[in-house]
Every structure is written in structure tokens, then in C-alpha cells.
Amino acid sequence: MKTKKANILRQASNVDLWLVAILILASLLYGWNIWKAGSANSFYTSAIISMSESWKNFWYGSFDPAGFITVDKPPVSLWFMVIFVKIFGLHGWSIVISSVLFSLGSIFLIYKMVKPYFGAMAARLAAFLMTLTPIVVADARTNNMDATLVFFLLLASFVLQKAVKKHSLWLVSLAFALIGIGFNIKMLQAFMILPAMYIFYWLASKDNWKRTLRGSLLATVFLIVFTLAWPLAVDSVNKNNRPYIGSSSDNSVLNLAFGYNGTQRLLGQTTGTGGTFTGMGNSKKGGNHSKATAPQGRKNLQKRGRNISTKGKFNGSAKHNNGGGNGIFNVGTAGITRLFQTALGQQISWYLPLAIFGLILAYLTAYERQKKWWQLNRRQEQLIFWAGWLIPVAGFFSIASFFHPYYTIMLAPPIAVLAAVGISSFIESLGTSDIGRKGYWIKGLMAAGITTNGLLQAFFVWEYSILAGIVVVVVSVIVSALIIYHRLNNKVSILTGLVVLLFIPAFWSLTPTIAAESAAIPTSGPSLLSKNNQNSNPIGNSSVNTKLLKYLNKHNGSKVKYLFATTDSNTAAPYIIKTKKAVMAIGGYNGTDNAISLKKFKRLVKLGEIKYFYISNHTNNNSIVRWVKKHGKKISSSKYSSNNSNNSTLNLKSSHRAGAQKFQHKARTQPPKNHPMKFHGNRRKPQTHAGKMNGNFSNQQSNALYQLN
């Protein structure tokens, strides 16, 4: 008994209280106000509802309860969300809690990966920087897949680290199998760190080359098996017996993976669904639109190759924003400086200069003169791994055409780790009495990192607070001067610089929490606190026309399978969430999928499974829409339209439990007078977005309800 008690006390004494404090801080940032999450990304929330109603929908990741079409991603991340909904019922917090928990797990894994090689100080600082990365906070508070993906990538990296240490081929295989699971979370995005994993394994493995080759081959087999298990299982099923694979061009998971979620992410959306979003990618001659226009079919496909752009600069400031820090399609101008522009930089790049200089500094301090340059020690191997994660991912986001700013969470782990390791390596070097010429390089790199990081942060914050920008620049320059010209063992300088460089990104990270943000397009920044930020995000819009809903419930017959049919998922999602009934989105997410033929659609109408078709203000003119307009009976708008229809809330009452909460989207409030950061500058109302991505039911003349005979 005494031995057991002694072991418990020994384990308790080994708990890092700094890590505990960081995790508590992260829990508050990620979890506070998630009970106001509303329907978060309603596209995925409707899928969570549908998947919770049947095993078939659960397996395929069906968007609607009838299992007509899937979402545009594999279902693994959604599986975790469905499990929480089944346990706790459908609430705002239950659909995002898995993202919160996976984000906390990512912080813990970073700590565990860094500590054995760089010490407790570096591990704590890396975990802290990861916690205070603004886009990490924003992603943790929504039901998108990115927070889950980052956790599995870090878990794979952690297992690989253990595999090398224990000389275990099975752990190597497990690490690569986890990347395969990551593929089934967000497809090819998970493969971005594969180069780093293969390189690290070959450099760090102390086995002979034959055993290392055997481990690589075995790992690759596991990677392929876990990657293709679900896609091949789905594609092997007769297409008439499963949902249409949303956003694919030929109803195939593999086409979705290598098309819409593959090459199109790099080159632009030019095939498959046939849609083009202007402003998604841009040439070096111009910036992005924050306005998404409707896909115009294959006539525009050739235009996309020229990277349609507009004149003028787009700096991601509040006046261009939509629903927060950046526009939904504003990813800046492609090129080597993209991550330093405000569009992406205000979300992810707050510590990027420190990470770059920190990588060089840490590698220099880890260098052992008595060894050949190719003889790497453990620290150098770790640095190569994190650099191998950072460089390819940063390169992709610098040139890619088709992605949202919140995807850049992929860069958060290597940036946090390399910045922390650089700082800790510098502090360690302060205790070295005689480091000669190497000491000047170390001081110069640290000073350069602090100065450039301060200048970049000032650039990011300048449009909101000139005073904050001036302060961070002045302090950064002074700290850098002290490092170079003052005594090398003066730790006060580096600690002062670190505190200053953490202040502004910490405030940025706090904005999603204060604003109770849980958006389809996660973002951060002071714009979230503006009174004009009234949930203008067009993707995942959760408004329901209650008068239209009452009309449909009253006039739909008993044979009806679908509440109504429409062109796209964003129009259908709020009604699925509100009613738990099936709504057919014939065009999937973008409204341009060929999910059903006119012949089959007419057959469903004849069988009485579809009675009404809603043509929204962003409907494309495909064959089904033309047939509906020609043969359907147009219902007078006075019977289903009202001026107040857009403001109805979604009651996400669980089918499992009574008395669930109402989900409400509240307008953001103006910051208090004594707010820590004073805003200034032009504050225009956020722009609304026309085109396919707008799920809002407005009373424009293009909206029409048709009864189908």
C-alpha cells in the first residue's frame, strides 16, 4: 500500500504545472462560449444529423437523411462528432467539442515531442505558441476537419519518433497508418508531411540500411492500405445503392481525392464540378476578390487557366473582410511573400520570422565541430523533421489557388516548435563561457529574428492600431540592440522581447473566444468584435424561411420523401438542421454536381417523392432547373415569403433528447470603451456574397418555389 501511494506521489511530482496551466488556458480559449456555437458549419452539421440517423449514412458521410449525396470530405472526422451527438444530444457545443479536444491533444503532443530533445523550456514555449496561434483557436471552435487532421498528423509524428527510438518496425508502420487515417479526414492534405516523415526515418534510424528499407516498405504498405480502405470500399459499391460522392465529377471517392480535393487545390478549380470561384487563386498582377461568383459551367474553364483577378491591392483589412479577419476566398497574391501578406499572415504567420531564424540558430547551436557535417545528432534530426514539415506546406500555400485561409493551421505546429526551439537554444547558449565567432552568429540570428518578427507584427496590426505597431517595433529594435551590444548572458532582453512579441497575437487569438465565433470559415481578428460583423458569412448560413417551411409542411403529401429539392447544399442545410427531414441538393456543395439525371429526377417526381423545388437566387440554369421552370407550377411568393424570414433561428432539438438548446446567431457586439486595443480606420459593412456559395434565402426576384406535378 505504501509503495502504491509512493508511486502516485512520484507521478504527481513529475507533472509539469506549466503544461497544466497552458492546457487550462487553451481550454478557455477553445471552449469558452462554444455553447453559442449555433449550427457552426451548417453543411457539416446537417451531415452530422443525417449520419446520426442510420449506419448507412454514418458510413458514407451522407449530407441529407435520405442518403442522396455525401459531403465533400471523407467521414472520419465527422464520425467523432456524431459520437458526441449520440451521447450528449445535438447542441452547439456537442458538434464542436471533438475539435476542442483534438486541439488540446495537439498541444500535449507538441510538448511530448519537443521535451526529450530540447528540454522542458522549449517544450512549454512550443505548446504556448501553438495555443496562442490565432487560426488554431478559430479552427478549434468549429466543426470543420482541420483541427482533427492536425492532431492525427502530430500523433503520427510522435509515434514515428518513438519507433526510431525503440527500433520498432511495427511502430513505424503504425505511424504511416495514421497518415492513411489522416487521408480519410481531409484527403491529400494529410500527405503534405510525408516527405518529412520518410526523410526523418532514414536520417534518424540507427538500424542498418536493409532493416530501414524493410521498415520503409512495410510503412508504405500500411499507408496505402489505410489510405485506400474506405475509398475503395465505397467505390466498389454499385452507384445506385449508395449516395452520390459530393463534389466529384464521376461519383467516385478517388476522383474527389485527386480532383476537387487534390490537383484543383493547387491549380485551381477547373474540372470535376465545372465551377470556378473568382478570387480563389490569383495571378501576381492582382489580388483576390472576397466575393464568390457563381460557377458558369465549362465555358469558363479555359478562363480559369489565366487566373482571373481584379486590379488593385487587397490587403485583408477590415474594410474588405467578411465575417472576421479575412474574406472567405481572400488568400492574398500568390508568390514567395504570400504568407507575409495580411490575408494569411494575420491568421498564421505571427511567429514565422522567429521560426525561420530559430531553425538556423538551433541547428548552429546543435552543431558539433568534432563530427562530419553529415553526422547528425538527435537535435539536428528533429530540426530537419520540423523543417521538412514547414517548407513543403509553406510552399504549397504560397502558390496554391483553391483553399481557405483557415487551412493554414497546417503550418502552426512547425512554426510554434521552431520558434520555441530557437529561443530556448539561444537562452541555453547564454551559459556558454567561450563560444568565439559562433557567439556572434547566435546573437545576430536572434536579433534578426526579433527585429523582423516585430516589423511583421507591426505590419499586421497597423490597420487597427498604429500605436501598437510603433510599440512593438521600438521594443523589438531595442531588445535586438541589447542582444548584440550588451552582455551575452543578459536574459532579461530576450524575455522582454518575447513578452512583447506575444501580446498582439495573444489578443488576436482571444477575439474568436470573445465573439463566440464558430463559423463555417473560421477566422480571427479585431473585426470579429465590430458591431458590423453580424454573421455575414455566406457559407454555412443557417437562416430558415419559416413561412416557406410552414407552407411546405402544410402542402406536402404523405408520400413525399424530400421536404423539397434545390440546387445546392448550402441552401438545403438549414432546413435539414431545422426539421431533420431530407432536402435534395441536386448539385451538391457548389450546386454544379451532376448528382442526378433529369430522367431519374422526373421519375422521383412521378412517384411523389419530390413535390416542390426551390430555386434560390444563385441557381444555375441546368437541365433540371429548366424543366422545373417549364413544367412546374410557380407558387405566388406571397404564400411563402416574408420580410422576417431571414432572421429565424434554428432549433437544433436533438432527436435523442427533449429540451435541447436553441441555436441562435447573435450579432457581434461593439468592444467596450476600455478595450485593450483601440480600433481605427474605415469600417464598412461586410460585403454579402453573390453566387453559389450564398445559402441565404432573400426575397430577391430570382427566388421561386415551384410545385411539381
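I will try to describe carefully the structure that is included in this document. (Residues numbered from 1 in each chain as written. Predicted model: local features only at pLDDT ≥ 70, side-chain atom pairs only at ≥ 80, totals over all residues. Heavy atoms only, no water.)

**Focus: the overall build of the chain**
Right, on to step 1. On a plain count of helices and strands, the chain comes out with 25 helices and five strands.
Right, on to step 2. Per-residue burial for the chain yields a buried fraction of 61% across its 709 residues.
Right, on to step 3. Across the chain, contacts joining residues at least 24 apart in sequence account for 75% of those joining residues at least 6 apart.
Right, on to step 4. Looking at the chain as shown, the accessible area adds up to about 28,900 Å², and 60% of this sits on carbon and sulfur atoms. (Helix = DSSP H or I, 4+ residues; strand = E, 2+ residues; numbered from the N terminus. Buried < 20%, exposed > 50% of the residue type's maximum accessible area, 1.4 Å probe, protein only. Contact = heavy atoms within 4.5 Å. Areas by Shrake-Rupley, 256 points an atom, 1.4 Å probe, with all protein chains shown as cover.)

**Re the packing of helix α17 (residues 378-399) against helix α18 (residues 412-429)**
Right, on to step 1. Here α17 crosses α18 at 145 degrees, and the two axes come no closer than 9 Å. Crossing of α17 against α18: the hand is left-handed. Along its contact with α17, which presents Arg379, Leu383, Trp386, Ala387, Trp389 and Leu390, the element α18 presents Pro413, Pro414, Ile415, Val417, Leu418, Val421, Ser425 and Glu428.
Right, on to step 2. In terms of residue class, the contact of α17 with α18 is built from eleven nonpolar, one polar and two charged. (Axes fitted to C-alpha atoms, helices over the stretch in contact; angles between N-to-C directions. Left-handed = near helix turned anticlockwise from the far one by under 90°. Nonpolar A, V, L, I, M, F, W, Y, C, P; charged D, E, K, R; others polar.)

**Comments concerning unusual backbone geometry**
Right, on to step 1. Unlike most non-glycine residues, Asn33 shows phi in positive territory, near 70 degrees.
Right, on to step 2. Residue position: Asn33 is located in the loop between α2 (17-31) and α3 (42-51).
Right, on to step 3. Look at Asn33 and you get buried, because its relative accessible area is 8%.
Right, on to step 4. With phi around 55 degrees, His167 is a residue other than glycine that occupies positive phi space.
Right, on to step 5. Note on placement: His167 falls in the loop between α9 (146-166) and α10 (169-186).

**A word on the packing of aromatic side chains**
Right, on to step 1. Taken as a whole, this structure holds 37 aromatic pairs when the rule is applied.
Right, on to step 2. When the ring of Phe200 is compared with that of Phe385, the centres are 5.5 Å apart and the planes differ by 65 degrees; the resulting orientation is edge-to-face. Here the residue Phe200 occupies a position in helix α11 (residues 194-204), and Phe385 occupies one in helix α17, the gap between them amounting to 185 residues. When sorted by exposure, Phe200 lands in the same class as Phe385, which is buried.
Right, on to step 3. Here Tyr551 and Tyr612 contribute two aromatic rings whose centre-to-centre distance is 5.9 Å and whose plane-to-plane angle is 75 degrees, an arrangement assigned as edge-to-face. Taken together, the positions of Tyr551 in helix α22 (residues 546-555) and Tyr612 in strand β3 (residues 612-615) put the pair 61 residues apart, joining distant regions of the chain. Considered together, Tyr551 and Tyr612 belong to a single accessibility category, that of buried residues.
Right, on to step 4. In this structure an aromatic cluster arises from ring pairing among Trp350, Phe459, Phe460, Tyr464, Phe507 and Trp508.
Right, on to step 5. Here Arg265 stacks its cationic end above the ring of Tyr260, 4.9 Å away from the centre of that ring. (Phe/Tyr/Trp six-rings, centres within 6.5 Å; stacked < 30°, edge-to-face > 60°. Lys NZ or Arg CZ within 6 Å of the ring centre and 35° of its normal.)

**Some thoughts on the environment of Ser425**
Right, on to step 1. Relative to the assigned elements, Ser425 resides in helix α18.
Right, on to step 2. Since its relative accessible area comes to 2%, Ser425 is described here as buried.
Right, on to step 3. Each C-alpha atom of the pair Ser425 and Ile442 lies 9.2 Å from the other, and the pair is 17 residues apart in sequence.
Right, on to step 4. Once you skip the residues sitting within four places of it in the chain, Ser425 turns out to touch Leu361, Ala362, Thr365 and Arg379.

**Remarks on α2**
Right, on to step 1. The terminal C-alpha atoms of α2, which comprises 15 residues, lie 20 Å apart, in line with the 21 Å expected from a rise of 1.5 Å per residue.
Right, on to step 2. For α2, the complete set of buried residues consists of Leu19, Ile22, Ala26, Leu29, Tyr30 and Gly31. For α2, the arc enclosing every buried residue in end-on projection is 160 degrees, short of the 170-degree limit, so these residues lie on one face.
Right, on to step 3. One side-chain oxygen at the N-terminal end of α2 lies 2.9 Å from the backbone nitrogen of Trp18; it belongs to Asp16. (Expected span 1.5 Å × (residues − 1). Arc of directions from axis to C-beta. Polar contact = N/O pair within 3.5 Å; in protein donor to acceptor, adjacent residues only side chain to side chain.)

**Overview of the nonpolar core**
Right, on to step 1. Counting residues in each nonpolar core, the largest one holds 200 residues, and the members touching the most others are Tyr30, Met584, Phe601 and Phe613.
Right, on to step 2. The contacts of Met584, once residues within four sequence positions are left out, are Phe68, Tyr562, Phe564, Ala565, Thr566, Ile596, Phe601, Leu604 and Ile610. (Core = buried A, V, L, I, M, F, W, Y, C linked by side-chain atoms within 4.5 Å.)

**Observations regarding the pairing of strand β5 (residues 704-707)**
Right, on to step 1. Residues Ala704 and Tyr706 line one face of β5 and the alternating positions Leu705 and Gln707 line the opposite face, and both faces are buried.
Right, on to step 2. For β3 and β5, the ladder comprises four bridges, and the chain directions are antiparallel. Directly across from Tyr614, in β5, lies its bridge partner Leu705.
Right, on to step 3. As paired elements, strand β4 (residues 633-634) and β5 share two bridges and run antiparallel to each other. Paired with Lys634 across the two strands is Tyr706, which belongs to β5. (Pairing = 2+ DSSP bridges.)

**Section: the pattern of salt bridges**
Right, on to step 1. Summed over the entire model, instances satisfying the criterion amount to seven salt bridges.
Right, on to step 2. Linking Asp146 and Lys186 is a salt bridge whose minimum nitrogen-to-oxygen distance equals 2.6 Å. Residue Asp146 is found in helix α9, and its partner Lys186 is found in helix α10; the two are separated by 40 residues along the sequence. A single burial state applies to Asp146 and to Lys186, both of which are buried. (Salt bridge = Lys/Arg side-chain N within 4 Å of Asp/Glu carboxyl O.)

**Observations concerning a nonpolar patch on the surface**
Right, on to step 1. Taken together, the side chains of Val15, Leu17, Val20, Ile24, Leu28, Trp32 and Trp35 make up a nonpolar region of the molecular surface, amounting to roughly 700 Å² of accessible area.
Right, on to step 2. Checked against the element boundaries, Val20 lands in helix α2. (Patch = residues over 30% accessible without salt bridge, like charges linked within 9 Å, V, L, I, M, F, W, Y side chains within 5 Å.)

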